[in-house]
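If you want the building blocks of each chain, they are given just below.
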Amino acid sequence: MRCRMCGQRAVLRLKAYNINLCQECLKKFVRRRVQKAIRDYRLLKRDDRVLVAVSGGKDSLSLWDLLQGLGYRTKGLYIHLGIGEYSDRSERAVLEFARQRNLEVHIERVRDHFDGLGIPELSRLDHRPPCSLCGMIKRYLMNKVAYEGGWTLATGHNLDDEAAALLGNVLDWKEGYLARQSPRLEPREGFAARVKPLVLCSEREMAAYAISSGIQYILEECPFSHGATSLLYKDLLNQLEEHSPGSKLRFYQNFLKIAHLFRTEQVQLTPCQNCGYPTTGDLCNFCRLKERLSR
Ligand code: AMP
Ligand code: FES
Ligand code: ZN
């Protein structure tokens, strides 16, 4: 098996593109896919300051590596969720990555916002599944840090993540979610700009990129992620991909061409009475959780 680009021994076959690539050319290939996403979907301007949300996993650390390599001004944001050893190990991976490259990281700790409680305790006290609570808290803190610092927030969602989310949204025809499922969300009052530069790169391509680049990421998944429906959707899409290479990319890219059809009037938001961030009610979900816990 020879690399399509340089003729050296190939290490990866990408059926969706009908090519074989060696390690070095795979890295170039992923970099070009990221540049293509940035260009096609107008994700970033040259002088944007980018806050990269890093979980310690392969996607977000590779994203940081890629954006830094492409010459963007970046800073990392790690949210320590208080999920036992898993959170501590992830934090160490992020700090080590930043130290080796002399990059700056901002760390937010869920415990600092909720009287020493992490996601598992909050989930028990609030009788809510850890993942929904965790998603809400992560979104709130990411946006707050990015908004207050004037950063554009970048996350490591890859093609598999976005295609699985799209499948879920289409199965239930969630129009509101479909309207907002975009690789770029524009900034507005109370909201930082949000971008997903890895949307044209598959999970497999990102794993190969991280390994080829010597990135020491954490392999371990969050202990609460078992049995998540998103994993079932990813599996189904992979079966489809096996049968018909390129279908995942087509499903997602063709959706983006018609995504504007789902965009209607934006819901009217007002400032949260406690923190001032936009919400549909009197208090935002983050402050409502705080209030429930204080009772
Ligand atoms: P997930 O929802 O876990 O698939 O993560 C999607 C993206 O959210 C990742 O690629 C990261 O950019 C970001 N992210 C997830 N967990 C964290 C965390 N603990 N701290 C900072 N960013 C995170
Ligand atoms: Fe948030 Fe698993 S519950 S990462
Ligand atoms: Zn609030």
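Residues numbered from 1 in each chain as written. Chains lettered and ligands numbered in written order. Predicted model: local features only at pLDDT ≥ 70, side-chain atom pairs only at ≥ 80, totals over all residues. Heavy atoms only, no water.

**Re the nonpolar core**
Turning to step 1, where the next piece is worked out: One finds Leu21, Val30, Val34, Ile38, Leu44, Trp64 and Leu67 to be the most contacted residues of the largest nonpolar core, which totals 52 residues.
Turning to step 2, where the next piece is worked out: The element best represented in this core is helix H1 (residues 23-40), accounting for seven residues.
Turning to step 3, where the next piece is worked out: For Leu21, the residues in contact, after removing those within four places along its chain, are Cys3, Met5, Ala10, Val11, Leu12, Leu14, Leu26 and Phe29.
Turning to step 4, where the next piece is worked out: In terms of nonpolar packing, the next biggest core, distinct from the first, is built from 31 residues, Leu81, Leu153, Cys272 and Leu289 among them. (Core = buried A, V, L, I, M, F, W, Y, C linked by side-chain atoms within 4.5 Å. Buried < 20%, exposed > 50% of the residue type's maximum accessible area, 1.4 Å probe, protein only. Helix = DSSP H or I, 4+ residues; strand = E, 2+ residues; numbered from the N terminus. Contact = heavy atoms within 4.5 Å.)

**Structural notes on the coordination of the zinc ion (ligand 3)**
Turning to step 1, where the next piece is worked out: At this site the zinc ion (ligand 3) is bound by Cys272 (SG), Cys275 (SG), Cys284 (SG) and Cys287 (SG), with donor distances of 2.2 to 2.4 Å.
Turning to step 2, where the next piece is worked out: Here the zinc ion (ligand 3) binds four donor atoms, and the angle range of 105 to 113° at the metal identifies the geometry as tetrahedral.
Turning to step 3, where the next piece is worked out: For the zinc ion (ligand 3), the donor residues sit on a single chain with the sequence spacing C-x2-C-x8-C-x2-C.
Turning to step 4, where the next piece is worked out: You can call Cys284 buried: its relative accessible area is 5%. (Donors = N, O, S within 2.8 Å, 3.2 Å for Na, K, Ca; no water. Tetrahedral: all angles 85-135°; square planar, octahedral: opposite > 155°, others 65-115°.)

**Brief notes about unusual backbone geometry**
Turning to step 1, where the next piece is worked out: Phi at Asn18 takes a positive value of approximately 55°, unusual for a residue other than glycine.
Turning to step 2, where the next piece is worked out: Here Asn18 lies in the loop between strand E1 (12-14) and strand E2 (19-21).
Turning to step 3, where the next piece is worked out: In this structure, Asn102 takes a positive phi of about 60° despite not being glycine.
Turning to step 4, where the next piece is worked out: Relative to the elements of secondary structure, Asn102 occurs in the loop between helix H3 (84-101) and strand E5 (105-109).

**Considering the packing of helix H2 (residues 58-69) against H3**
Turning to step 1, where the next piece is worked out: In contact at an axis separation of 11 Å, H2 and H3 are set at 15° when each is read in the N-to-C sense. Put simply, H2 runs roughly parallel to H3. Two packed elements cross with a definite hand, and for H2 against H3 that hand is right-handed. Between H2, through Leu61, Trp64 and Asp65, and H3, the contact on the second element is made entirely by Phe97, Ala98 and Arg101.
Turning to step 2, where the next piece is worked out: When its residues are assigned to classes, the contact of H2 with H3 shows four nonpolar, no polar and two charged. (Axes fitted to C-alpha atoms, helices over the stretch in contact; angles between N-to-C directions. Parallel < 35°, antiparallel > 145°, perpendicular 65-115°, else oblique. Left-handed = near helix turned anticlockwise from the far one by under 90°. Nonpolar A, V, L, I, M, F, W, Y, C, P; charged D, E, K, R; others polar.)

**Things to note about the packing of helix H10 (residues 229-243) against helix H11 (residues 247-258)**
Turning to step 1, where the next piece is worked out: At a minimum axis distance of 8 Å, the contact between H10 and H11 shows a crossing angle of 115°. Contacts between H10 and H11 involve Leu237, Asn238, Leu240 and Glu241 from the former and Ser247, Lys248 and Phe251 from the latter.
Turning to step 2, where the next piece is worked out: Of the residues belonging to the contact of H10 with H11, the class tally is three nonpolar, two polar and two charged.

**Considering the packing of aromatic side chains**
Turning to step 1, where the next piece is worked out: This structure, assessed with the given rule, holds seven aromatic pairs.
Turning to step 2, where the next piece is worked out: Ring geometry for Tyr140 and Tyr277: centres 5.8 Å apart, planes at 70°, overall edge-to-face. With Tyr140 in helix H6 (residues 130-149) and Tyr277 in the loop between strand E9 (270-271) and strand E10 (278-279), this pair connects stretches of sequence that are 137 residues apart. The burial state of Tyr140 is the same as that of Tyr277; both residues are buried.
Turning to step 3, where the next piece is worked out: Pairing Tyr147 with Tyr277 gives two aromatic rings, centres 5.9 Å apart and planes at 75°, and the pair type is edge-to-face. Of this pair, Tyr147 sits in helix H6 while Tyr277 sits in the loop between E9 and E10, and the two are 130 residues apart along the sequence.
Turning to step 4, where the next piece is worked out: Since its relative accessible area comes to 9%, Tyr277 is described here as buried. (Phe/Tyr/Trp six-rings, centres within 6.5 Å; stacked < 30°, edge-to-face > 60°.)

**Here we look at the pairing of strand E4 (residues 73-80)**
Turning to step 1, where the next piece is worked out: Counting buried residues along E4, seven of its eight residues qualify, which places the element largely inside the surrounding structure.
Turning to step 2, where the next piece is worked out: As judged from the five bridges shared by strand E3 (residues 49-53) and E4, these two strands associate in the parallel manner. Bridged to Arg49 within E4 is Arg73.
Turning to step 3, where the next piece is worked out: What joins E3 to E4 is H2, and the crossover it makes is right-handed.
Turning to step 4, where the next piece is worked out: Where E4 meets E5, five bridges bridge the pair, whose relative direction is parallel. In the strand pairing of E5, Ile79 is matched with Glu108.
Turning to step 5, where the next piece is worked out: For the crossover that starts at E4, traverses H3 and ends in the parallel E5, the hand is right-handed. (Pairing = 2+ DSSP bridges. Right-handed = clockwise from strand over helix to strand, strands pointing away.)

**Some words on H3**
Turning to step 1, where the next piece is worked out: End to end, H3 covers 27 Å across 18 residues, agreeing with the expected 26 Å (1.5 Å per residue, within 8%).
Turning to step 2, where the next piece is worked out: Along H3, the residues classified as buried are Tyr86, Ser87, Ser90, Glu91, Ala93, Val94, Phe97 and Ala98. When H3 is viewed along its axis, its buried side chains cluster within an angular range of 160° and face the same direction.
Turning to step 3, where the next piece is worked out: Note on H3: the residue one or two positions beyond its end, Asn102, has a positive phi of about 60°. (Expected span 1.5 Å × (residues − 1). Arc of directions from axis to C-beta.)

**Examining the pattern of salt bridges**
Turning to step 1, where the next piece is worked out: Taken as a whole, this structure holds 21 salt bridges when the rule is applied.
Turning to step 2, where the next piece is worked out: When the shortest N-O distance is used, the salt bridge between Lys27 and Glu24 registers 3.4 Å. Of this pair, Lys27 and Glu24 both sit in helix H1, separated by three residues, roughly a single helical turn.
Turning to step 3, where the next piece is worked out: Note on Lys27: relative accessible area 16%, which makes it buried.
Turning to step 4, where the next piece is worked out: On the accessibility criterion, Glu24 (44% relative accessible area) is partly exposed.
Turning to step 5, where the next piece is worked out: Note that Glu203 and Lys234 form a salt bridge whose closest N and O atoms lie 3.4 Å from each other. Within this pair, whereas Glu203 is found in helix H9 (residues 203-212), its partner Lys234 is found in helix H10, the two being separated by 31 residues in sequence.
Turning to step 6, where the next piece is worked out: In this structure Glu203 comes out as partly exposed when scored by relative accessible area, which is 24%. (Salt bridge = Lys/Arg side-chain N within 4 Å of Asp/Glu carboxyl O.)

Read these as geometric descriptors, not functional statements.
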